[in-house]
Amino acid sequence: MLKFGVIGTNWITESFISAAREVNGFTLNAVYSRTEEKAKEFAEKNGAKHTFTDLEKMAASDEIEAVYIASPNSFHAEYAITLMNQGKHVICEKPMASNVSEVEKMIAVAKENNVLLMEAMRSTVMPNFRSIQENLHKIGKVRRYFANSCQYSSRYDKYKEGTILNAFKPEFSNGSLMDIGIYCLYPMVVLFGEPREVKANAYLLESGVDGEGSILLNYGESEAVVMYSKISNSYVPSEIQGENGSILIDHIQDMTKIEIRYRDGRTENITVEQDKPKMYYEAKEFIELIERGELESKVNSHANSLAVMKIMDEARKQVGVAYPADRSNNV
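Every value quoted in this text rests on a predicted model; they were computed, and no experiment measured them. Note that residues are indexed from 1 along each chain, following the sequence as it is written. Predicted model: local features are reported for residues with pLDDT of at least 70 only, side-chain atom pairs are reported and counted for 80 or more only, and whole-chain, interface and lining totals are derived from all residues. Values reported for side chains reflect all heavy atoms of the structure, with hydrogen atoms and water molecules removed beforehand.

A. Quick peek at the UniProt feature "domain: GFO/IDH/MocA-like oxidoreductase" (unreviewed entry) in the protein chain. Mapped onto the present numbering, the UniProt feature "domain: GFO/IDH/MocA-like oxidoreductase" (unreviewed entry) falls on residues 138-247. Here a strand is any run of E in DSSP of at least two residues, a helix any run of H or I of at least four, and the numbering for each starts at the N terminus. Segment residues 138-247 splits into 20% helix and 37% strand. End C-alpha atoms: 9 Å apart. UniProt positions are given in the numbering used here, feature names are shortened, and annotations may be inferred rather than shown by experiment.

B. Looking closely at the packing of helix α5 (residues 100-112) against helix α10 (residues 302-319). Remark: α5 packs on α10, axes separated minimally by 9 Å, with the N-to-C direction vectors making an angle of 165°. The orientation of α5 relative to α10 falls into the category roughly antiparallel. Both α5 and α10 take part in a crossing whose hand is left-handed. Touching V100, V103, E104, I107 and K111 of α5 are H302, L306, M309, K310 and D313, all from α10. In terms of residue class, the contact of α5 with α10 is made up of five nonpolar, one polar and four charged. Structural elements are reduced to axes, namely lines fitted to C-alpha atoms, with helices fitted over the stretch in contact, and the angle between N-to-C directions of any two is expressed from 0 to 180 degrees. An angle below 35 degrees is read as roughly parallel, one above 145 as roughly antiparallel, one from 65 to 115 as roughly perpendicular, and any other as oblique. In this scheme, a crossing is called left-handed if the near helix is turned counterclockwise away from the far one by less than a right angle; it is called right-handed if the turn is clockwise. What makes two residues a contact is simply this: any of their non-hydrogen atoms within 4.5 Å. Under the convention adopted here, Pro, Cys and the residues Ala, Val, Leu, Ile, Met, Phe, Trp and Tyr are nonpolar, Asp, Glu, Lys and Arg are charged, and Gly plus all remaining residues are polar.

C. Main features of the environment of N300. Position of N300 among the secondary structure elements: in the loop between α9 (280-291) and α10. The buried label applies to any residue whose accessible area, calculated with a 1.4 Å probe on protein chains only, is under 20% of its type's maximum; exposed applies above 50%, and partly exposed to all values in between. Of the residues examined, N300 reaches a relative accessible area of 1% and is grouped as buried. Separated by 145 residues in sequence, N300 and R155 have C-alpha atoms that sit 29 Å apart. What N300 contacts, discounting residues up to four positions off in sequence, is M118, E119, M121, T124, V125 and Y186. Polar contacts, as used here, are pairs of N or O atoms within 3.5 Å; protein pairs need one atom able to donate a hydrogen and one able to accept it. Residues neighboring in sequence count only if both atoms are side-chain atoms. Among the polar contacts listed, one links the side chain of N300 to the backbone oxygen of E119, at a separation of 3.1 Å. Within the structure, the side chain of N300 is placed 2.6 Å from the side chain of T124, a separation counted as a polar contact.

D. Geometry of the sheet that holds strand β3 (residues 50-52). One open sheet accounts for six strands, arranged β3-β2-β1-β4-β5-β6; its pairing is parallel. What marks the edges here is a single partner per strand, and that holds for β3 and β6 (117-120). Each neighbouring strand pair of the sheet contributes to a mean axis angle of 25°, computed without reference to strand direction. Two strands are counted as paired when DSSP detects at least two bridges linking them. Pairing of strand β1 (residues 2-7) with strand β2 (residues 26-32) involves six bridges; the strand directions are parallel. Within β2, the residue paired with G5 across the bridge is A30.

E. Main features of unusual backbone geometry. A cis amide bond, omega -10°, links K94 with the succeeding residue P95. Mapped onto the secondary structure, P95 falls in the loop between β5 (89-93) and α5. A positive phi angle, close to 55°, is found at N114, a residue other than glycine. The class of N114 is exposed, set by a relative accessible area of 54%. Positive phi values are uncommon outside glycine, yet S173 reaches one of about 55°.

F. Examining the nonpolar core more closely. Among buried residues, the Ala, Val, Leu, Ile, Met, Phe, Trp, Tyr and Cys ones that are joined through side-chain atoms within 4.5 Å form a nonpolar core. One finds L185, I215, L217 and I240 to be the most contacted residues of the largest nonpolar core, which totals 75 residues. The element best represented in this core is helix α8 (residues 176-192), accounting for 12 residues. In contact with L185, other than residues within four places in its own chain, are L177, I215, L217, V226, V308, I311 and M312.

G. Seen up close, the pairing of β6. Going residue by residue along β6, you find L117 and E119 tucked away on one face and M118 and A120 tucked away on the opposite face as well. For β5 and β6, the ladder comprises four bridges, and the chain directions are parallel. The residue of β6 that forms the bridge with E93 is A120. Looking down the strands as they point away from the viewer, one classifies a crossover as right-handed if the path from the first strand across the helix to the second runs clockwise. Following the backbone out of β5, through α5 and into the adjacent parallel β6, one traces a crossover that is right-handed.

This is the structure:
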């Protein structure tokens, strides 16, 4: 059994634990929180034996072999590097870090210590994403990738009332691009690689983060259009348009229904049953890689994570979103 520790005492961490428990080889052994009370409460609730409020002690502990990080984005790099320097494998919530500089440092440390570092992007390791990859040739030459992820934040009402929660604070490297837009960008990069050109637009909130935005990406003979928001909802599916047909994706984050609509009027349902919790597939990918002694996912690879962050850095530069982490890394 792989002894896991978790950083973050929120619903995301609980979802990961619940999903990972369905994977053979997972056992929750430790919880980290900056406050002892939260750590103990979360550990008791989720059946973990050990708690930590000191990250260095957690990293040095023999009670954990791998760690799931779900802290605010601005802490991802620091926490991951500390853990990997003590030989711990790391699965880090998306976005992996605040910027390219941090991702590059994380990858270098992972390689130096021969440990697995993987971004916890769930959609690209789901069976239905694999179905898209396997059936992409059927729509002919791809001309456009369109991805849409607009989800009204449960914290936005508080923001409008004058209470700025972490989700809208630049010091935590947040905003719609980092938290939501990445769901559009990561599958695009896995499927089509890095674009030639990035053109971004966004609406900035007074707190300094982007409430919503869009990016146009040039791939030469094709283009990509992505839209994302934390201040509005959208019910429009995502789509990959080819010369012979289009692949429709109901929700880019979860990919629960995938359909091909051909130019001649035929339709083909290429949906694969996904009967596990949403985060099961990323946990399974991570645990199985460790069991096989592999230090990098072929799908959520270092190169793909770095390419996505390059796009986000450029987009933020164009729209004027800057984080304290950028200054500390001379970005």
